[in-house]
Amino acid sequence: MRTRTLLFFSLLLAACQDGCEQKQPARAADPTPLREAPTPVVAAAPPVPRRKEVAAWVVPYEDSLRSLSRHLPVLTVSSPTFYRLDVAGERVRLVDWDWRVPFPRARLARAPGVRVLPLVGCIGECGPKISRVLEDPNARRAHVKDLLRAVEEDGVDGLFIDYENVDAKPESVTAFFTELRAGLAPRKKTLAAAVEEPCGWAAGCKREHYAFALKEVAAQVDLLAVMEYDLAVDGTRPPAPREWIERGLAQVVREVGPEVAATKVLLGIPYYGRITQGAIGDTAVLFAEVTADSVRGHRFGPFVPKADRAAVSKVAALPSDGKPLTLFLEDHTTLQERIGIGEAAKLAGVAIWRLGSEDPCNVSVLATYQ
């Protein structure tokens, strides 16, 4: 198994390196005799283009920590998963993202120009709980005070807020970001927010409830990452198809305005794919977990993922004796496609969930993007 896996990835790596390397054409010799060079005309220097924002979330596991070191040259934001919220009534505590593996802060690779914005996560059942806190002015202020304390104690450059499944009133959510911004700005700290994409399943882009008034929230944050992934987490459909992403981004740009989108909005991009639910347990699949005939050690027989432009994934039907199984794989080619969608929408950059066990060529794609 190990030999087959190494051979598979050596072939993949060789192929993607051929596609990612920037090859310079050979320069022909100039047969013209040497002459005295004319006085050069000094032209005005062209404007320096704005550097694209590339943010990436880092989880407290070995593959992610190693990946951060590889990605540092192309990042503008590193977002380590330091915190989750533990909410009980009006009391909110910051706890480790993964209680089994506290984030090894001493091992967090840093580089000049890369802001460290720890992620504060409130996901799943936490969302409705934090909603009640955000709607209570006193509880909300206490929560903001706790977040500001954490920024000072950890000596970081700001925070990346990721509160999902929130059902608070939009004005309460905006008030939270306004108050947090007021505390971070005098400290010259950055505030970033990750929000669910605004359309959901509805073709007309109408979520049943969406707690983020995007224009107002965007006015309070420095970066706004739109999580354009996980439309389908069960692997029965593409996890983030092109039409869905384009519809969601169009809605975001309409709400915040093109100028804000070009300076603050990031396209959320997954480094992981999906497999049909029930095949191997968790449906999320990392690039390094796939060989020529297996996914995460589960044998299926030979298969070849093929590019699907509508799905924006590499897709493979897996040999199976039971129900049909589909693999949606993310690699450097799908990363290029997703970046292209963000470029078409004229966004400020991208945000990646998550670093670790990805296609080795992804870094080259991001370098070209920068």
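Predicted model, so just to flag it, every value in this text is computed and none were measured.

(A) Quick look at the sheet that holds strand E16 (residues 313-318). Taken together, the five strands give an open sheet; going across it, the order is E12-E11-E17-E16-E15, and neighbouring strands pair in antiparallel fashion. The sheet is open, and its two borders are formed by strand E12 (284-286) and strand E15 (306-308), each paired with just one other strand. Sheet twist, expressed as the average angle between the axes of neighbouring strands with direction ignored, equals 35 degrees. Taken together, the two bridges between strand E11 (residues 272-275) and strand E17 (residues 325-329) define a ladder with antiparallel strand orientation. By the bridge assignment, Arg274 is partnered in E17 with Phe328.

(B) Main features of the sheet that holds strand E3 (residues 83-88). As summarised here, the arrangement of the 11 strands in space is E4-E3-E6-E7-E8-E9-E10-E18-E1-E2-E5, forming an open sheet in which the pairing is mixed. Lying at the two open borders of the sheet, with one neighbouring strand each, are strand E4 (91-96) and strand E5 (115-116). In this sheet, E4 lies alongside E3 in antiparallel orientation, the contact comprising six bridges. Looking at the pairing, Arg84 lines up with Val95 of E4.

(C) Region of the structure containing empty space enclosed by the protein. For the coordinates displayed, the defined rule picks out two cavities of 30 Å³ or more. Here the largest cavity defines a volume of roughly 40 Å³. Tallied by class, the residues present in the lining of the largest cavity amount to three nonpolar, two polar and three charged. For the second largest cavity, the calculated volume is near 30 Å³. Around the second largest cavity, the lining residues are Leu134, Tyr163, Val166, Val173, Phe176, Phe177 and Phe212. The dominant element in the lining of the second largest cavity, judged by the number of residues it contributes, is helix H5 (residues 170-184), at three residues. Broken down by class, the residue content of the lining of the second largest cavity amounts to seven nonpolar, no polar and no charged.

(D) Local environment of the side chain of Arg140. Of note, Arg140 is situated in helix H4 (residues 137-154). Of the residues examined, Arg140 reaches a relative accessible area of 8% and is grouped as buried. A distance of 2.7 Å separates a polar side-chain atom of Arg140 from the backbone oxygen of Leu134. Ignoring sequence-local partners within four residues, the contact set of Arg140 consists of Val133, Leu134, Glu135, Ser172, Ala175, Phe176 and Glu179.

(E) Geometry of the packing of helix H3 (residues 126-135) against H4. Interaxial distance between H3 and H4 falls to 5 Å at its minimum, and their mutual angle equals 105 degrees. Considered as vectors, H3 and H4 are oriented roughly perpendicular to each other. On the side of H3, the interface is formed by Ile130, Val133, Leu134 and Glu135, while H4 contributes Pro137, Ala139, Arg140 and His143. Broken down by class, the residue content of the contact of H3 with H4 amounts to five nonpolar, one polar and two charged.

(F) Structural detail: the side chain of Glu358. As for its position among the elements, Glu358 is in the loop between strand E18 (349-353) and helix H10 (362-369). A polar contact is formed between the side chain of Glu358 and the side chain of Arg70, at a distance of 2.9 Å. Those residues in contact with Glu358 that sit more than four places away from it in its chain are Ser67, Arg70, His71, Tyr271 and Phe287.

(G) Layout of the packing of H4 against H5. Running from N to C, H4 and H5 point in directions that differ by 40 degrees, and their axes come no closer than 10 Å. Classified by chirality, the crossing of H5 by H4 is right-handed. Between H4 and H5, the residues in contact are Arg140, Arg141, His143, Val144, Leu147, Leu148 and Val151 and Ser172, Ala175, Phe176, Glu179, Leu180, Gly183 and Leu184, respectively. Grouping the constituent residues of the contact of H4 with H5 by class yields eight nonpolar, three polar and three charged.

(H) The arrangement of H10 in detail. By the burial criterion, the buried members of H10 are Asn362, Val363, Val365, Leu366 and Tyr369. On an axial view of H10, the arc spanned by its buried residues comes to 160 degrees, and they lie on one face.

(I) Here's a closer look at the pattern of salt bridges. Applying the stated criterion across every chain, the model contains 24 salt bridges. In this structure, Arg299 engages Asp293 in a salt bridge whose closest nitrogen and oxygen atoms are separated by 3.1 Å. Residue classification places Arg299 among the exposed residues on the basis of a relative accessible area of 53%. Two residues, Asp331 and Lys314, come together in a salt bridge whose shortest N-O distance is 2.8 Å. Of this pair, Asp331 sits in the loop between E17 and helix H9 (332-344) while Lys314 sits in strand E16, and the two are 17 residues apart along the sequence. Taking the relative accessible area as the measure of exposure, Asp331 reaches 7% and is therefore buried. We classify Lys314 as buried; its relative accessible area is 18%. A network of salt bridges, in which partner residues are shared, links Arg132, Glu135, Asp167 and Lys169.

Definitions and cut-offs
- Residues numbered from 1 in each chain as written.
- Predicted model: local features only at pLDDT ≥ 70, side-chain atom pairs only at ≥ 80, totals over all residues.
- Heavy atoms only, no water.
- Pairing = 2+ DSSP bridges.
- Helix = DSSP H or I, 4+ residues; strand = E, 2+ residues; numbered from the N terminus.
- Axes fitted to C-alpha atoms, helices over the stretch in contact; angles between N-to-C directions.
- 1 Å grid on protein atoms, 1.4 Å probe; cavity = no way out; pocket = protein on both sides within 12 Å on 5 of 7 lines; lining within 4 Å.
- Points joined across faces, edges and corners; volume = space filled by probe spheres on them.
- Nonpolar A, V, L, I, M, F, W, Y, C, P; charged D, E, K, R; others polar.
- Buried < 20%, exposed > 50% of the residue type's maximum accessible area, 1.4 Å probe, protein only.
- Polar contact = N/O pair within 3.5 Å; in protein donor to acceptor, adjacent residues only side chain to side chain.
- Contact = heavy atoms within 4.5 Å.
- Parallel < 35°, antiparallel > 145°, perpendicular 65-115°, else oblique.
- Left-handed = near helix turned anticlockwise from the far one by under 90°.
- Arc of directions from axis to C-beta.
- Salt bridge = Lys/Arg side-chain N within 4 Å of Asp/Glu carboxyl O.

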